Amino acid sequence: PSARFLLFFTPGSVPCPCSCRGLGSSAHRAREDSWLKSLFVRKVDPRKDAHSNLLAKRETSSLYKLQFHNVKPECLEAYNKLCQEVLPKIHEEKHYPCALVGTWNTWYGEQDQAVHLWRYEGGYPALNEVMSKLRQNKEFTEFRKERGNMLLSRKNQLLLEFSFWNEPVPRDGPNIYELRSYQLRPGTMIEWGNYWARAIRFRQDNNEAVGGFFSQIGQLYMVHHLWAYKDLQTREDIRNAAWHKPGWDELVYYTVPLIQEMESRIMIPLKISPLQ
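Rules of the game
- Residues numbered from 1 in each chain as written.
- Predicted model: local features only at pLDDT ≥ 70, side-chain atom pairs only at ≥ 80, totals over all residues.
- Heavy atoms only, no water.
- Helix = DSSP H or I, 4+ residues; strand = E, 2+ residues; numbered from the N terminus.
- Buried < 20%, exposed > 50% of the residue type's maximum accessible area, 1.4 Å probe, protein only.
- Contact = heavy atoms within 4.5 Å.
- Areas by Shrake-Rupley, 256 points an atom, 1.4 Å probe, with all protein chains shown as cover.
- Pairing = 2+ DSSP bridges.
- Axes fitted to C-alpha atoms, helices over the stretch in contact; angles between N-to-C directions.
- Patch = residues over 30% accessible without salt bridge, like charges linked within 9 Å, V, L, I, M, F, W, Y side chains within 5 Å.
- Salt bridge = Lys/Arg side-chain N within 4 Å of Asp/Glu carboxyl O.
- Polar contact = N/O pair within 3.5 Å; in protein donor to acceptor, adjacent residues only side chain to side chain.

Looking at this structure, I do not really get the overall build of the protein chain. What am I missing?
Across its full length, the protein chain holds 8 helices and 10 strands. Taking all 276 residues of the protein chain together, the buried fraction comes to 45%. Partitioning the intrachain contacts of the protein chain with sequence separation of at least 6 by distance along the chain shows that 83% fall at a separation of at least 24. When the accessible surface of the protein chain is summed, it comes to about 15,100 Å², and 53% of that surface belongs to carbon and sulfur atoms.

Right, here's the structure in full:
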């Protein structure tokens, strides 16, 4: 059940602002405005658990790391070559409880950017184990040093996956990928999850849904939706088709007010990416 609810009116039932005309007192008008606004305030029920426990998949204990590397423009080709030499070794080594989910270059959006998505099987203990072992790996240490000389900046986030989203599994290509990132207003993650648990059903016809995640460490109240399309025109056609499905417009209407900022990246997978 939703931890929040919206009080809304059908068309024609909202008290008309015109009824305030003719009131002689500005203070009276202010009280009227305050009363109208109070009708639309979201009521928050007492919560008994963290949203990470309410929204994440319980059958797995996977933790995800999303990395954004802004590369010096003249170094992007060398950066990609270096990653394609080293990252598969970590992915394939059973000694490390982690897997490379996907690795891309941004095509449209922030330029000269590399994006990597890792999964750690076993949550935070697995992450700690991998980091500890990599510190002892001389090849990885040299890789980090060489990679650092190619970067302008980098950041990462630790994520959990939404329980109602598709599992991000390897897929054949060629595809382009869209990473849609949403900065939510603090306190609205449960509400977002309740709406998207229904909304994702409208986006399954063309197998475009790859994965949905929310942040735990790093920039908080961040949501990332990952989609795959054959090309940009296919993306446009699929997104337009969703608006013809009864119910999609209503869900978009209620989720948009939860967003502070949003960003879309169109990405091209590297040859080593399990998501092609």
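Still more ground to cover, so stick around.
Sorry if this is basic, but what is going on with the sheet that holds strand β6 (residues 151–161) here?
The strands that make up a sheet are held in pairs by hydrogen bonds between backbone atoms, and each pair lies either parallel or antiparallel. Taken together, the 8 strands give a closed barrel; going around it, the order is β3-β5-β4-β10-β7-β9-β8-β6, and neighbouring strands pair in antiparallel fashion. Here the strands of the sheet are splayed against their neighbours by 35 degrees on average, with no regard to which way each runs. Alignment of β6 against strand β8 (residues 209–217), held across 4 bridges, turns out to be antiparallel. For L160, the partnering residue across the bridge sits in β8 and is F214. Running over the sheet, helix α6 (residues 189–199) touches β7 (176–184), β8, β9 (222–229) and β10 (259–269) and is turned about 25 degrees from β9.

How do you make sense of the environment of Y254 when you look at a structure like this?
Here Y254 is to be found in helix α8 (residues 248–255). Residue class for Y254 comes out buried when judged on its relative accessible area of 12%. In this structure the C-alpha to C-alpha distance between Y254 and W192, which are 62 residues apart in sequence, comes to 8.9 Å.

Whenever I open this one, unusual backbone geometry confuses me. Can you help?
Trans peptide bonds make up most of the peptide bonds, and negative phi angles are found at most residues other than glycine. Omega for the bond connecting G173 with P174 falls within 30 degrees of zero, at 5 degrees, which places this linkage in the cis form. With respect to the helices, strands and loops of the structure, P174 is situated in the loop between β6 and β7. Here the phi dihedral of N207 falls at roughly 60 degrees; this positive angle occurs in a residue that is not glycine. You can call N207 partly exposed: its relative accessible area is 47%. The phi dihedral of Y221 is positive, around 55 degrees, even though this residue is not glycine. Within the fold, Y221 resides in the loop between β8 and β9.

Is there a simple way to explain a nonpolar patch on the surface in this structure?
Judged by side-chain polarity, W107, Y108, L232 and I268 come together as a nonpolar surface patch covering roughly 350 Å² of accessible area. Here I268 shows up in strand β10. Under the relative-accessibility criterion, I268 is labelled partly exposed at 33%.

Explain the side chain of Q67 here, please?
Checked against the element boundaries, Q67 lands in strand β3 (residues 63–71). A distance of 3.2 Å separates the side chain of Q67 from the side chain of W118, its partner in a polar contact.

Quick question: what am I supposed to make of the pattern of salt bridges here?
Opposite charge on two side chains lets them pair, provided their charged atoms get close. This structure, assessed with the given rule, holds 9 salt bridges. With a closest N to O distance of 2.6 Å, E129 and K133 form a salt bridge. Here K133 and E129 lie together in helix α4 (residues 124–135), a separation of 4 residues that amounts to about one turn. Judged by its relative accessible area of 35%, E129 is partly exposed. The class for K133 is partly exposed, based on a relative accessible area of 22%. Within the structure, one salt-bridge network assembled from shared partners comprises E178, R180 and R235.

What is the right way to look at the pairing of β7 in this model?
For a regular strand, side chains alternate in direction, first toward one face of the sheet and then toward the other. Among the 9 residues in β7, 9 count as buried, and that is most of the element. Alternating residues of β7 divide into I176, E178, R180, Y182 and L184 and Y177, L179, S181 and Q183, and every residue in both groups is buried. In this sheet, β9 lies alongside β7 in antiparallel orientation, the contact comprising 8 bridges. Counterpart to E178 in the pairing with β9 is W227.

On their own, these measurements won't tell you what the molecule is for.
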